Amino acid sequence: MKSPKPFDHISREVSALGIRQPPLKISVIPPTSAFGNNALFQSGRRDRGSHSPNTHWMDCFAAAYKRGRELNIDFGTDDVISTKDADVLIYMAQPNSPNDVIAQKLKYPNQKAILVMLETSLGARYASNPKNHLGYDAIITYINALVDEKRYFFLPPRAFNRDRITSGLPFEQRRIGCLVGTNRRFRYRSGVFTMRKGWKFSLRDWIDYVFCPGELISLRSELGKACATYPSGGFDLFGEGWDLLPETRNVCLGIPRESTLTYIGRYRYYFAFENHAGDYGLISERIWDALWGDTVPVYLGHTGIDQFIPRECYIDARQFKKPREMLDWLYRAPESTWEKYHTAGREFIRSSAVEKFLPEAFAECFVRQIATIAGRG
């Protein structure tokens, strides 16, 4: 017999009184217009961009939509549920100015405003600065240092539905490694224009914005150039911008037109390099893609990754001093070494240990947070 879910008592008590509460209406400003018309909650996108084949990334919000309906909570993107009619307004996209949030709050004082930080844009570390959160009633964030369970709530890492798990090629038929990402050219900025919009900067925010918008982006570029020096059958590069580098121009395979899960099983290793390092960074879909797509992740990013995923399941890139040293090691690694990590990863994603990161668990946590903030918890 299944244990009752945390909100089941609400429905039972309301039914016992013969009262039907009006649904809690939640309008969501999605991270991009591609998720409009409720695509965010349907594991889909409305565009043909480079990420559009990866519908599995949104499994967690499809699950949240379903759980919400069970609890008389209606989620809708802002073109489905108007921002003026909502009981709760969720910002998943960074507003043009923090003053826009304050103005909305003044206009609709009874409306709860929530910021859901999926990931700060490159160079936009300032978006996580509490001085820029004055208009919100609550913030749901992946930055654990901010979490107090009063106004700041934790946004856990998000895996995918288990029926998405794929099986790759045998070891001897796989190429060595696969790097998927955008090679970006840095443009140095003063930050003055952004400050004029009302954004507040700490010194560290400003340094990140001006000099190192995503400190691992330059390392990813260095890694891509090193990958291109290995013989055919070694490492492949996917993504935009690699044609800008003479070293990688002839080896880039372009933007993948299929889901990540359908092709990374052709490789032994997948470079799951985040945009930011340290405990500030996001644990993104990259490492979950590797595990679900049946390859071994080589991870660099969040320094606390082993609190979520066992060390036996991935190769920690921090053990290597330079990309060349890492690539040489991967190139020579025998099947027995690869199989050790591969087997651990397969066991982990099929075990009970991963269940707290699956969409259903995310949905339960996310909806509970929203209901509590809205006064229905």
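Preceding this section is the structure that the text describes.
Residues numbered from 1 in each chain as written. Predicted model: local features only at pLDDT ≥ 70, side-chain atom pairs only at ≥ 80, totals over all residues. Heavy atoms only, no water.

## Here we look at the nonpolar core
Using the following cut-off: Residues belong to one nonpolar core when they are buried, are Ala, Val, Leu, Ile, Met, Phe, Trp, Tyr or Cys, and are joined through side-chain atoms within 4.5 Å. Accessible area is worked out with a 1.4 Å probe on protein chains only. A residue is then buried under 20% of its type maximum, exposed over 50%, and partly exposed in between. Helical segments are the DSSP runs of H or I of at least four residues, strand segments are the runs of E of at least two, and each set is numbered from the N terminus. For this analysis, residues touch if any pair of their heavy atoms sits within 4.5 Å.
Of all hydrophobic cores here, the largest spans 62 residues; its most connected members are Phe61, Ile90, Trp288, Trp292, Ile309 and Phe366. Sort the elements by how many residues they give to this core and helix H11 (residues 359-373) lands first, with seven residues. Contacts of tryptophan 292, omitting those with residues within four sequence positions, involve Ala159, Phe160, Asn161, Arg162, Arg164, Ile165, Thr166, Leu261, Arg346, Ile349, Val354 and Leu358. Core analysis: the second largest hydrophobic core is formed by 27 residues, Phe171, Ile176, Trp242 and Met326 among them.

## Things to note about the environment of arginine 187
Secondary-structure assignment places arginine 187 in the loop between strand E7 (175-180) and helix H4 (192-196). Assessed through its relative accessible area of 67%, arginine 187 is described here as exposed. Along the chain, arginine 187 and arginine 266 lie 79 residues apart, while their C-alpha atoms are 35 Å from each other.

## Considering the pattern of salt bridges
We count it as follows: Criterion for a salt bridge: a side-chain nitrogen of Lys or Arg within 4 Å of a carboxyl oxygen of Asp or Glu.
Under the defined criterion, the tally for this structure stands at 16 salt bridges. Ionic pairing is found between aspartate 47 and arginine 45, a salt bridge with its closest N-O pair at 2.9 Å. For aspartate 47, a relative accessible area of 28% gives the class partly exposed. Between aspartate 306 and arginine 311 there is a salt bridge, with its nearest N and O atoms 2.6 Å apart. Classification of aspartate 306 by relative accessible area gives partly exposed; the value is 30%. Assessed through its relative accessible area of 58%, arginine 311 is described here as exposed. What you see here is one network of salt bridges that share partners, running through Arg67, Glu70 and Glu364.

## Focus on the packing of aromatic side chains
Selection criterion: Ring pairs are drawn from Phe, Tyr and Trp, using the six-membered ring of Trp, whenever the two centres fall within 6.5 Å, and their geometry is named by plane angle: stacked under 30 degrees, edge-to-face over 60, tilted for the rest.
Across all of its chains, the model carries 24 aromatic pairs by this definition. An angle of 25° between the planes, with centres 6.3 Å apart, marks the rings of phenylalanine 75 and phenylalanine 366 as stacked. One end of the pair, phenylalanine 75, is in strand E2 (residues 73-77); the other, phenylalanine 366, is in helix H11, with 291 residues separating them in the sequence. Of the two residues, phenylalanine 75 and phenylalanine 366, neither departs from the other in class, the shared state being buried. When the centroid spacing of 6.3 Å and the interplanar angle of 75° are considered together, the rings of tyrosine 299 and tyrosine 314 count as edge-to-face.

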